[in-house]
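# Secondary and tertiary structure notes
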Amino acid sequence: MKVAQPPLGTPINKSHPLVNGMVGCWLLNEGGGKRAIDSTRLNIIDGNASAAGMLVTKKNGNCATNTGANYIDLGTQPNMNITGAMTISCFGIMTSNPATNKELISARAAAPTTDVSWEFFIVASATQIRFSHGTALGTFQSTGNFATSPLPLDTLNHFVAVRTGSSGAWSAKIYVNGRDLVASNVGTTNNPTATQPTASIGRAGGVNNFYWPGHLNNCMLWNRALSATEVRSLYTNPYQMFK
């Protein structure tokens, strides 16, 4: 599926229902430079590419691309430390399959690395996708199996994680291309860290590891749980909230 990106600087419609609870939106449509603009202009969480040449134009539109140890640094913004219901949405293409986890977007402390507010990644084998949070006391994990395994290379996919619940009682759903993967949840009593994490696109938060191998764009974050209907509408019309 290919939908034309809005031009750089297109304002977001703040009255659109999908903007409700939105923490940040990084279209990664800059096409150059190192600044990754938060299109919402609500919390103004602009990111910085770790290297020149990450924000480029590809056949599926402008994106952040990585073939090494590069990422988008979103910093330690308090609004990114979401400890309740939340939703993550990203479009991505894997162009290679290194034998490590492949992070879409996460908020994780540099030390101790067990302190995770939230993270969303494809596992090393590329047969599963996982959302997790936790501390040294334990980890909550929600894992979905890909319909085609391992995930095909050079294919655009839409990845969504939706966390619900509260302290000591967590659940999550994972969607790929609008389809609920009926994820398995373990460690549901383990809570996200209260430590202020570092957030990154394409890396494990503040940990210099688990880089995304390929292209990412249209990464969005909410402090509420989107419904299945809203998730499907994001897949079919990802830029509907732009004027």
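Residues numbered from 1 in each chain as written. Predicted model: local features only at pLDDT ≥ 70, side-chain atom pairs only at ≥ 80, totals over all residues. Heavy atoms only, no water.

## Quick word on the nonpolar core
Counting 43 residues, the largest nonpolar core has Trp26, Leu28, Ile72, Trp118, Ile129, Phe131 and Phe159 as its most contacted members. Residues within four places of Leu28 in sequence aside, it is in contact with Ala36, Leu55, Asn62, Cys63, Ala64, Ile72, Ile201, Leu216, Asn217 and Cys219. In terms of nonpolar packing, the next biggest core, distinct from the first, is built from 17 residues, Met22, Leu27, Leu234 and Met241 among them. (Core = buried A, V, L, I, M, F, W, Y, C linked by side-chain atoms within 4.5 Å. Buried < 20%, exposed > 50% of the residue type's maximum accessible area, 1.4 Å probe, protein only. Contact = heavy atoms within 4.5 Å.)

## Digging into helix H1 (residues 228-236)
Those residues of H1 that fall on the buried side of the exposure criterion are Glu230, Val231 and Leu234. One side of H1 holds all its buried residues, which, seen down the axis, span an arc of 100 degrees. Every exposed residue of H1 that faces more than 90 degrees away from the buried side is listed here: Thr229 and Thr236. Contacts from the buried residues of H1 go to strand S7 (86-94), strand S12 (157-166), strand S13 (169-176) and strand S17 (214-222). (Helix = DSSP H or I, 4+ residues; strand = E, 2+ residues; numbered from the N terminus. Arc of directions from axis to C-beta.)

## Regarding the packing of aromatic side chains
What the rule picks out here adds up to three aromatic pairs. Look at Phe159 and Trp212: their rings are 6.2 Å apart centre to centre, the planes differ by 65 degrees, and that puts the pair in the edge-to-face class. Highlighted residues: Phe159 in strand S12 and Trp212 in the loop between strand S16 (198-201) and S17, separated in sequence by 53 residues. By relative accessible area, Phe159 is classed as buried at 0%. We classify Trp212 as buried; its relative accessible area is 2%. (Phe/Tyr/Trp six-rings, centres within 6.5 Å; stacked < 30°, edge-to-face > 60°.)

## Describing the pattern of salt bridges
Pairing is possible between side chains that carry opposite charge, provided their charged atoms lie close to one another. For the structure on display, the rule yields five salt bridges. A salt bridge links Arg41 to Asp46; its shortest N-O distance comes to 2.7 Å. With relative accessibility at 32%, the residue Arg41 sits in the partly exposed group. Arg224 serves as the salt-bridge partner of Glu230, at 3.0 Å between the closest nitrogen and oxygen. This pair shows no difference in class: Glu230 is buried, exactly as Arg224 is. Here the residues in one salt-bridge network are Arg35, Arg41 and Asp46, joined through shared partners. (Salt bridge = Lys/Arg side-chain N within 4 Å of Asp/Glu carboxyl O.)

## Description of the sheet that holds strand S9 (residues 116-122)
Pairing is antiparallel in the open sheet, where nine strands are placed in the order S2-S3-S6-S16-S8-S9-S10-S11-S15. Each edge of the open sheet is held by one strand with a lone partner, namely strand S2 (35-36) and strand S15 (184-186). Taken together, the two bridges between strand S3 (residues 47-49) and strand S6 (residues 72-75) define a ladder with antiparallel strand orientation. The residue bridging Ala49 from the neighbouring strand is Ile72, located in S6. (Pairing = 2+ DSSP bridges.)

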